[in-house]
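Given next are the chains, with one letter for each unit.
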Amino acid sequence: MCFAKARLLMEKERGNLLKALGTQVAEPLRSMVMGAPLEDARHLAQRYDRMRQEAEAQAIEVSKRQMKLRETSGNGDMISRLEAAESKLQELKSNMGVLGKEAVSAMTAVEAQQQRLTLQRLIAMVESERSYHQRVLQILDQLEREMVSERQRIEGVPPPAVESSMPPPPSYEEINGVFMRNTVAELVESVEFFLAEAIQSYRAESETELNLAAGDYIVVRKVSNNGWAEGECRGKAGWFPYDYIEKRERVLASKVAQVF
């Protein structure tokens, strides 16, 4: 369940990333390519190209008229037509020069603008990618902590050792009356025997303590007020922390031999 939840969160983050890339990168770049400044510059370039073609055609026309004038005896009509053609050619060249400068200037301005906007969109894309990976890393870190905790619970791995202020268990001599003192007698509750199951492992630190493994059944004989209990498991007796067990009303038949 933790893994499935993490996967859903990562898929959600990926969806948010793709949405951000669409709205913050792809759409602005598409609008920029189809925007008015670039279209205006394209129209100027197209007008310049048509004017250049018209000037080339006019230059050919002037050349033909000059050749015809040289081949025949010139008359006033042919000369006036040639002068008109040459005048038109000069006008086209002049207009073409002006329009060419405007087209180059417009294209240069659009190029600078689009480079700046493209860089901004690419930076936004990188930031979105980085934010996505950071969020996914947080999800995976949380998933790892949950899965390690679950593994420890299943395998009965004891928690890391920490400093404990719990006093040591009473000695057998004190409990059994060899060196009985009132203070010791007050610590130990007189309880009836009951059956308990170890909910986590415990490693004995002295000869008077009892080793426990998660799942062991114990016959509890004494419980002290300072957090210790005394009982028998697998033919051995000793003290162990009371918080490591839970009381049971019955035991599986297959486990009876393990208790005694």
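Residue positions are counted from 1 within each chain, in the order its sequence is given. A pLDDT threshold of at least 70 governs which residues receive local features in this predicted model, and a stricter bar of 80 or more applies before side-chain atom pairs are shown or counted, although totals over entire chains, interfaces and linings include all residues. Side-chain measures were taken over the full set of non-hydrogen atoms in the model, leaving aside hydrogen atoms and water.

1. Focus: the confidence of the model for the chain
It should be kept in mind that the predicted coordinates are not to be read in detail where pLDDT is low. Mean pLDDT over the chain: 82, with 82% of residues reaching 70 or higher. Within a predicted model, pLDDT stands for the predictor's per-residue confidence, ranging from 0 to 100. A helix here means a DSSP run of H or I that spans at least four residues, while a strand means a run of E at least two residues long, and both kinds are numbered starting from the N terminus. No element of the chain has a lower mean pLDDT than helix 5 (residues 182–187), at 48, and none a higher one than strand 5 (residues 236–241), at 92. Contacts between residues were defined by any pair of non-hydrogen atoms, one from each residue, lying within 4.5 Å. This stretch, residues 177–185, has a pLDDT under 50; its non-local contacts, to residues over four places away or in other chains, come to nine contacts.

2. Digging into the packing of helix 2 (residues 36–71) against helix 3 (residues 76–155)
Contact geometry for helix 2 and helix 3: axes closest at 7 Å, N-to-C directions at 160°. In terms of their interaxial angle, helix 2 and helix 3 are classed as roughly antiparallel. The interaxial crossing formed by helix 2 with helix 3 has left-handed handedness. Each residue receives one of three labels: charged for Asp, Glu, Lys and Arg, nonpolar for Ala, Val, Leu, Ile, Met, Phe, Trp, Tyr, Cys and Pro, and polar for the others, Gly being one of them. Looking at the contact of helix 2 with helix 3, its residues break down into 23 nonpolar, six polar and 10 charged. Fitted lines through C-alpha atoms serve as axes, helices being fitted only where they are in contact, and the angles separating the N-to-C directions of these axes extend from 0 to 180 degrees. Angle categories are assigned with fixed cut-offs, so that under 35 degrees is roughly parallel, over 145 is roughly antiparallel, 65 to 115 is roughly perpendicular, and the rest are oblique. Note: crossing handedness is left-handed where the near helix turns anticlockwise from the far helix by less than a right angle, and right-handed where it turns clockwise.

3. Thoughts on the environment of Trp228
Looking at the secondary structure, you find Trp228 in strand 4 (residues 228–233). Relative accessibility decides the category of a residue: with a 1.4 Å probe and only protein chains considered, values under 20% of the type maximum give buried, values over 50% give exposed, and everything between is partly exposed. On the basis of relative accessible area, Trp228 is assigned to the buried category, the value being 5%. Between the alpha carbons of Trp228 and Trp239 there is a distance of 6.5 Å; along the sequence they are 11 residues apart.

4. Quick word on unusual backbone geometry
Peptide bonds are mostly trans, and most non-glycine residues show a negative phi. The backbone of Arg234 shows a phi angle near 55°, a positive value even though the residue is not glycine. Mapped onto the secondary structure, Arg234 falls in the loop between strand 4 and strand 5. Owing to a relative accessible area of 48%, Arg234 belongs among the partly exposed residues under this scheme.

5. What to know about helix 3
In this scheme, a helix's expected span is set at 1.5 Å multiplied by one less than its residue total. The end-to-end C-alpha distance of helix 3 is 115 Å, a good match for the 118 Å that 80 residues give at a rise of 1.5 Å each. In the segment just after helix 3, Gly156 is the residue with positive phi, at about 70°.

6. Quick word on the packing of helix 1 (residues 2–33) against helix 3
Running from N to C, helix 1 and helix 3 point in directions that differ by 180°, and their axes come no closer than 10 Å. In terms of axis orientation, helix 1 runs roughly antiparallel to helix 3. Considering only residue class, the contact of helix 1 with helix 3 consists of 21 nonpolar, four polar and six charged.

7. Some words on the pattern of salt bridges
When a carboxyl oxygen of Asp or Glu is within 4 Å of a side-chain nitrogen of Lys or Arg, the pair counts as a salt bridge. Under the criterion given, the structure shown has 13 salt bridges. For Arg153, the salt bridge is made with Glu150, and the minimal N-O distance between the two is 2.8 Å. Highlighted residues: Arg153 and Glu150, both in helix 3, separated by three residues, approximately one helical turn. For Asp216, the salt bridge is made with Arg234, and the minimal N-O distance between the two is 3.0 Å. Here Asp216 is found in the loop between strand 2 (194–198) and strand 3 (217–224), whereas its partner Arg234 is found in the loop between strand 4 and strand 5, with 18 residues between them in sequence. Taking relative accessible area as the criterion, Asp216 reaches 7% and is therefore assigned buried.

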